[in-house]
Amino acid sequence: MLATALGFLIDVVFGLFTYTLLLRLVMQLMRAPFRNPLGQSVMALTDWIVKPLRKVLPGVGGVDWASVIAAYVFQFAWLLALYFAFGRGFALLGPGLAFVAVAALIALVKALLWLTIIVVFAQAILSWVAPDGPLAGVLNALTFPLLRPVRRLVPPIGGTLDLSPLIVIVVAQLVLITLVPWLEATATRLFL
């Protein structure tokens, strides 16, 4: 029972910052507006680590490398915290540390896929109930580059029923079901 509570606290603390840093990165890449409640919350939660890192890691090619490195560091620390709390399946030194480094990259890919699913789902729901709400602009900016190619292939049915959010969510789920476990198994075979 105590172990479950500890695991929950580790997941909440590290997950909050990892997902928020990834959201900040994606918002910057998609040029989503930050002048909304979501953008202001993201900035408030992440400025303390991103701004100092920007002095060392400037953005290049439209990518905020400070956010990328901060998200990776939090994901790496998340896995280490779980290892120190529960794991005894491998030695941390040597190949074990390389395994955690690669596992952190794979976990970030998984987190990006989950973030995609959540944002597309939220945008689809809010487009029905509050299409002009305060989050509409940021959610549209985040999802439009994903939905536009699907809408070209599968136009709205009857001019009103847009299946593109469902298709994007299904594809992201398929990647989570197939590609991510393959990456995890490959990393395990290589390092452990």
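Not measured: the values here are computed from a predicted model. (Residues numbered from 1 in each chain as written. Predicted model: local features only at pLDDT ≥ 70, side-chain atom pairs only at ≥ 80, totals over all residues. Heavy atoms only, no water.)

Looking at the overall build of the protein chain
1) Next: Regarding its fold elements, the protein chain presents 6 helices and 0 strands.
2) Next: Helices and strands appear in the protein chain in the N-to-C order α-α-α-α-α-α.
3) Next: Along the first, second and third principal axes, the C-alpha set of the protein chain runs to 60 × 40 × 40 Å.
4) Next: In the protein chain, of all internal contacts separated by at least 6 residues, the share reaching a separation of at least 24 is 67%.
5) Next: Accessible surface, the protein chain as shown: approximately 11100 Å² in total, 76% of it carbon and sulfur.
6) Next: Once the 12 positive and 6 negative side-chain charges of the protein chain are each reduced to a mean point, those two points are 7 Å apart. (Helix = DSSP H or I, 4+ residues; strand = E, 2+ residues; numbered from the N terminus. Contact = heavy atoms within 4.5 Å. Areas by Shrake-Rupley, 256 points an atom, 1.4 Å probe, with all protein chains shown as cover. Lys, Arg positive; Asp, Glu negative; His and termini not counted. Charge placed at Lys NZ, Arg CZ, Asp CG, Glu CD.)

Here's the deal with a nonpolar patch on the surface
1) Next: A surface patch of nonpolar side chains, amounting to about 380 Å² of accessible area, comprises Phe-8, Leu-9, Val-12 and Val-13.
2) Next: The exposure class of Val-12 is partly exposed, given its relative accessible area of 40%. (Patch = residues over 30% accessible without salt bridge, like charges linked within 9 Å, V, L, I, M, F, W, Y side chains within 5 Å. Salt bridge = Lys/Arg side-chain N within 4 Å of Asp/Glu carboxyl O. Buried < 20%, exposed > 50% of the residue type's maximum accessible area, 1.4 Å probe, protein only.)

What to know about the confidence of the model for the protein chain
1) Next: Chain-level pLDDT for the protein chain is 92 on average; 96% of the residues reach the 70-or-more range.
2) Next: Looking at the elements of the protein chain, mean pLDDT is at its lowest for helix α4 (residues 95-129), recorded as 93, and at its highest for helix α2 (residues 37-56), recorded as 96. (pLDDT = per-residue confidence, 0-100.)

What about the packing of helix α1 (residues 2-29) against α2?
Any two packed helices are characterised by the angle at which their axes cross and by the distance between the axes.
1) Next: As a packed pair, α1 and α2 sit with axes 9 Å apart at the nearest point and diverge in direction by 95°. It follows from the interaxial angle that α1 and α2 lie roughly perpendicular. Of α2, the residues touching α1 (which contributes Leu-16, Phe-17, Thr-20, Leu-21, Leu-23, Arg-24, Met-27 and Gln-28) are Leu-38, Gly-39, Val-42, Met-43, Leu-45, Thr-46, Asp-47, Trp-48, Ile-49, Val-50 and Arg-54.
2) Next: By residue class, the composition of the contact of α1 with α2 is 12 nonpolar, 4 polar and 3 charged. (Axes fitted to C-alpha atoms, helices over the stretch in contact; angles between N-to-C directions. Parallel < 35°, antiparallel > 145°, perpendicular 65-115°, else oblique. Nonpolar A, V, L, I, M, F, W, Y, C, P; charged D, E, K, R; others polar.)

Description of the packing of α1 against α4
1) Next: Where α1 meets α4, the axes come as close as 10 Å, and the angle between the chain directions of the two elements is 70°. As summarised for this structure, α1 and α4 are arranged roughly perpendicular, according to the angle between their axes. As for how α1 packs across α4, the hand of that crossing is right-handed. On the side of α1, the interface is formed by Thr-18, Tyr-19, Leu-22, Leu-23 and Val-26, while α4 contributes Leu-108, Ala-111, Leu-112, Trp-114 and Leu-115. (Left-handed = near helix turned anticlockwise from the far one by under 90°.)

Regarding the nonpolar core
1) Next: Residues Leu-21, Met-27 and Leu-142 are the most contacted members of the largest nonpolar core, which totals 27 residues.
2) Next: Sorting the residues of this core by element identifies α1, α2, α3 (65-86), α4 and α5 (136-153) as the ones contributing at least two each.
3) Next: Here the element with the most residues in this core is α1; it accounts for 8 residues.
4) Next: Beyond its immediate stretch of four places on either side in the chain, Met-27 contacts Ala-32, Pro-33, Phe-34, Gly-39, Val-42, Val-138 and Leu-142.
5) Next: Counting 17 residues, the second largest nonpolar core, distinct from the first, contains Leu-80, Val-100, Leu-113 and Val-150. (Core = buried A, V, L, I, M, F, W, Y, C linked by side-chain atoms within 4.5 Å.)

Some details on unusual backbone geometry
Most peptide bonds take the trans configuration, and most residues that are not glycine carry a negative phi.
1) Next: A positive phi is found at Arg-31, a non-glycine position, where the angle reads about 55°.
2) Next: Looking at the element boundaries, Arg-31 is found in the loop between α1 and α2.
3) Next: Judged by its relative accessible area of 70%, Arg-31 falls in the exposed class.

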